[in-house]
Amino acid sequence: MQEKISRIFKEKFGEPAGNIYASAGRINLIGEHTDYNGGFVFPGAIDKVIMAEIRPNDTDTVRVYSIDIEEYVEFGLREEDAPSQSWARYIFGICREIIKRGGTVRGFDTVFAGNVPLGAGLSSSAALESCFAFALNDLFNDNKIDKFELVLIGQATEHNYCGVNCGIMDQFASVFGKKDNLMRLDCRSREYEYFPFHPKGYKLVLVDSRVKHELADSPYNKRRESCERVARALGVETLRDADMDMLLNVKDKISDEDFNRAKFVIEEKERVLAVCDALLRDDYDTVGEKMYETHQGLSKDYEVSCEELDYLNDVARECGVTGSRIMGGGFGGCTINLVKDDLYDHFIKEATDRFEAKYGHKPQIYDVIISDGARRIS
Ligand code: ADP
Ligand code: MG
């Protein structure tokens, strides 16, 4: 990818070469629907990246070529210069959010490409944002912008320029990712801690169902409302501050549905902590067990699974896969699977063949390796 980017950069913008930067997509091993409850998530950056060659051009114009979209866009750096192409708005947003915070951005020429699958739940948009946020900090700001601020710049770009009201996990993972490490991020305090993740003898593989069930009423908002109602009944700010004893105490005051939603969130918080402990012991069996428990909770208590994802989870279990669960908000998308090396071929074949026989299309398979996040390559 780097050679192709450099070749095309030279064709479009001539010599000299610019700097090369990259940032990664992400997975989340465990900790689902916990972010808006003040809980923990547990992401890591992966070996799929957005990479860009960038060179300041001594003007106030940004000139961008996207290799994957095969489109060239130019824009200025004032608010009214926003480009209409959605992919370019990610880059424009990063420039604007840096400027709004008092940082410097001047014109530059850039060519970029990526291999993070778009819209598959691996956060290609966060990879794109983090790549440019990191690069513009390096090129124009002597790296004076704090790394956590780069995360917030990416998030604000999604909110203000791309119409996506996201949390901070994706940009956090992309900016802070470190090879062979997952990160436990406390969504309330924003504190984070690295945990070693080098599952020797295992692979991490995503099985993308390639279905997305669009439901009439927003199930996401309904889940949030349930959590907020239970938190109010408990007299706590978020379910982060609740435990199962407290929940059982208010059981008759809340609906069964709200009880089940809150039960999932409370148990999920405990599971993240248990997985961290297990990783410190290199105990991947426990990690896998917790992943299955999360799937069960998402499916039965939080009710955000769907037939296709439950089927993939069943196939994984039948094949003896160590851990498997829905990754992401639910109602479609991927499962994330922790699979022993010697089971891998068998599992992929079973999952692919059986899923296709039942649903008429093949799932997409993505192997991932936990890798570094935002960085300068040359
Ligand atoms: P994801 O879950 O992958 O983040 P999003 O819909 O949030 O999905 O972001 C995908 C968008 O990010 C694409 O529609 C495109 O605008 C931009 N994008 C991601 N990867 C690339 C790429 N390689 N080249 C150009 N634009 C990209
Ligand atoms: Mg995205």
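The structure presented is a predicted model; accordingly, all values stated were derived computationally and were not measured.

Engineer: Sorry, what's going on with the sheet that holds strand S12 (residues 364–368) here?
Structural biologist: Paired through their backbone hydrogen bonds, the strands of a sheet run either parallel or antiparallel. Here 4 strands make up an open sheet; going across it, the order is S10-S11-S9-S12 and the pairing antiparallel. Since the sheet does not close on itself, it has two edges, and those belong to strand S10 (323–327) and S12, each with one partner. Neighbour to neighbour, the strand axes of the sheet diverge by 25 degrees on average, direction disregarded. Relative to strand S11 (residues 332–340), S10 runs antiparallel, the two being bridged by 5 bridges. Bridging from a neighbouring strand, Gly323 pairs with Leu338 of S11. Across the sheet, helix H9 (residues 284–301) is in contact with strand S9 (202–212), S10 and S11; its angle to S10 comes to roughly 40 degrees.

Engineer: Just checking my understanding: could you explain the sheet that holds strand S13 (residues 375–376) for this structure?
Structural biologist: In space, the 6 strands of this open sheet follow the order S5-S4-S6-S3-S1-S13, with mixed pairing throughout. Single-partner strands in this sheet number two, and they are strand S5 (71–76) and S13. On the sheet, helix H3 (residues 124–140) packs against strand S1 (19–28), strand S3 (43–56), strand S6 (108–114) and S13 and is oriented at approximately 145 degrees with respect to S1. Those strands touched by helix H5 (residues 169–176) are S1 and S3, and its axis lies near 130 degrees from that of S1.

Engineer: Can you walk me through the site of ligand 1 in this structure?
Structural biologist: Taken together, 16 residues form the shell around ligand 1, and within it Asp68, Trp87, Gly119, Ser124 and Ser125 come nearest. Asp68 places a polar side-chain atom, nitrogen or oxygen, 2.8 Å from a nitrogen atom of ligand 1. In the environment of ligand 1, an oxygen atom lies 2.8 Å from a nitrogen or oxygen atom belonging to the backbone of Gly119. The fraction of the free accessible surface of ligand 1 (570 Å²) that becomes covered by protein chains is 80%. Here the shell around ligand 1 is built from residues that sort into 8 nonpolar, 7 polar and 1 charged.

Engineer: Honestly, the pairing of strand S4 (residues 61–66) in this entry has me stumped. Any pointers?
Structural biologist: Here is the key point about a regular strand: its side chains alternate between the two faces of the sheet. Strand direction decides the pairing type here: S4 and S5, joined by 6 bridges, are antiparallel. Residue Thr61 lies in a different strand from S5, and its bridge partner there is Gly76. From the end of S4 to the start of S5, which pair antiparallel, there are 4 residues, and Glu70 there has a positive phi angle of about 60 degrees. One ladder, built from 4 bridges, connects S4 with S6; its direction is parallel.

Engineer: How should I be thinking about the domain arrangement of the protein in this particular structure?
Structural biologist: Bring the parts together and some accessible area is lost; that lost area is often taken as the interface size. According to the domain assignment, the protein consists of domain 1 (2–196 + 372–376) and domain 2 (202–367). Taking only C-alpha atoms, the centre of domain 1 and the centre of domain 2 are 28 Å apart. Together domain 1 and domain 2 conceal approximately 2,700 Å² of surface at their shared face, both sides included; 67% is due to carbon and sulfur atoms. In this assembly, domain 1 and domain 2 are joined by 3 salt bridges. Between Arg240 and Asp186 there is a salt bridge whose closest N-O contact spans 2.9 Å. Inspection of the domain 1/domain 2 interface yields 14 residue pairs in polar contact (both at pLDDT 80 or more).

Engineer: In this structure, what is going on with the nonpolar core? I would like to understand it.
Structural biologist: Note on soluble globular proteins: their nonpolar side chains tend to be buried together. Counting residues in hydrophobic clusters, the biggest one holds 77 residues, and the most contacted among them are Ile27, Leu29, Phe42 and Phe108. Per-element tally for this core: the top contributor is H3, with 9 residues. Counting contributing residues, this core receives three or more from each of domain 1 (2–196 + 372–376) and domain 2 (202–367). Apart from residues no more than four positions distant in its own chain, Ile27 is found in contact with Pro43, Gly44, Ile46, Leu122, Leu182, Leu204, Leu206, Met327, Ile336, Val368 and Ile370. Core analysis: the next-biggest nonpolar cluster, separate from the first, contains 23 residues, Leu247, Val265, Leu298 and Ile326 among them.

Engineer: For this particular structure, what's the right way to read helix H1 (residues 2–13)?
Structural biologist: Quick reminder: α-helices carry 3.6 residues per turn. Residues three or four places apart thus point the same way. With 12 residues, H1 ought to run about 16 Å at 1.5 Å a step, and its terminal C-alpha atoms sit 16 Å apart, in line with that. All of the buried residues along H1 are Ile5, Ile8, Phe9 and Phe13. Buried residues of H1, viewed axially, fall in a sector of 110 degrees; they line one side. Turned more than 90 degrees away from the buried face of H1 sit Glu3 and Glu11, all of them exposed. Looking at the buried positions of H1, the neighbouring elements they touch are S3, S4, S5 and S6. Just past H1, the residue Gly14 takes up positive phi, approximately 75 degrees.

Engineer: Before we go on, may I ask you to explain the packing of helix H8 (residues 256–280) against H9 in this structure?
Structural biologist: When two helices pack together, their arrangement is captured by the angle between the axes and the distance separating the axes. At a minimum axis distance of 9 Å, the contact between H8 and H9 shows a crossing angle of 170 degrees. Comparing their axes, H9 and H8 come out roughly antiparallel. Taken together, the residues of H9 that come into contact with H8 (itself represented by Asn260, Arg261, Lys263, Phe264, Glu267, Glu268, Arg271, Ala274, Val275, Ala278 and Leu279) are Tyr284, Thr286, Val287, Lys290, Glu293, Thr294, Gly297, Leu298 and Asp301. For the contact of H8 with H9, the per-class residue count stands at 8 nonpolar, 4 polar and 8 charged.

Engineer: How should I be thinking about the environment of Ser226 in this particular structure?
Structural biologist: Locating Ser226 in the fold gives a position in helix H6 (residues 219–234). Classification of Ser226 by relative accessible area gives buried; the value is 2%. For the pair Ser226 and Lys4, spaced 222 residues apart in the sequence, the C-alpha separation amounts to 49 Å. With residues near it in sequence (within four places) discarded, Ser226 still touches Asp258 and Arg261. A polar contact is formed between the side chain of Ser226 and the side chain of Asp258, at a distance of 2.8 Å.

Procedures and definitions
Per chain, the residues get numbers from 1 upward, laid out in the order the sequence is written. Key to labels: chains lettered from A, ligands numbered from 1, both in the order written. Given that the model is predicted, a residue must reach a pLDDT of at least 70 before its local features are reported, and side-chain atom pairs must reach 80 or more before they are shown or counted; all residues, however, enter totals for whole chains, interfaces and linings. Each side-chain value is worked out from all heavy atoms of the structure, with water and hydrogens disregarded. Pairing between two strands requires that DSSP report at least two bridges joining them. Secondary structure follows DSSP: runs of H or I at least 4 residues long count as helices, runs of E at least 2 residues long count as strands, and numbering of each begins at the N terminus. Where helices are involved, their axes are fitted lines through C-alpha atoms of the stretch in contact, as for all axes, and angles between N-to-C directions lie from 0 to 180°. Whether two residues are in contact is decided by their heavy atoms: any pair within 4.5 Å suffices. Throughout, near means a residue has at least one heavy atom within 4 Å of the molecule or strand. Polar contact is defined as a pair of N or O atoms within 3.5 Å, subject to the rule that within protein one atom must be able to donate a hydrogen and the other to accept it, and that residues adjacent in sequence are counted only when both atoms are side-chain atoms. Accessible surface is estimated by sampling points in the Shrake-Rupley manner with a 1.4 Å probe; for residues, cover comes only from the protein chains shown. Residue classes follow a fixed rule: Ala, Val, Leu, Ile, Met, Phe, Trp, Tyr, Cys and Pro count as nonpolar, while Asp, Glu, Lys and Arg count as charged, and any other residue, Gly among them, counts as polar. These domain boundaries are the output of an automatic or database domain assignment. Take the accessible area each of two parts loses on contact, using a 1.4 Å probe, and add the two losses: that sum is the buried area. Put simply, a salt bridge is a Lys or Arg side-chain nitrogen that is within 4 Å of an Asp or Glu carboxyl oxygen. What is meant by a nonpolar core is a set of buried Ala, Val, Leu, Ile, Met, Phe, Trp, Tyr and Cys residues, joined one to another through side-chain atoms within 4.5 Å. The cut-offs for exposure are 20% and 50% of the maximum accessible area for each residue type, with area from a 1.4 Å probe on protein chains only; residues under the lower value are buried, those over the upper are exposed, and the others partly exposed. In a helix, the anticipated span is given by 1.5 Å times the number of residues less one. The arc in question is the one traced by the directions running from the helix axis out to the C-beta atoms. Here the word oblique covers every angle except those under 35 degrees (roughly parallel), over 145 (roughly antiparallel) and from 65 to 115 (roughly perpendicular).

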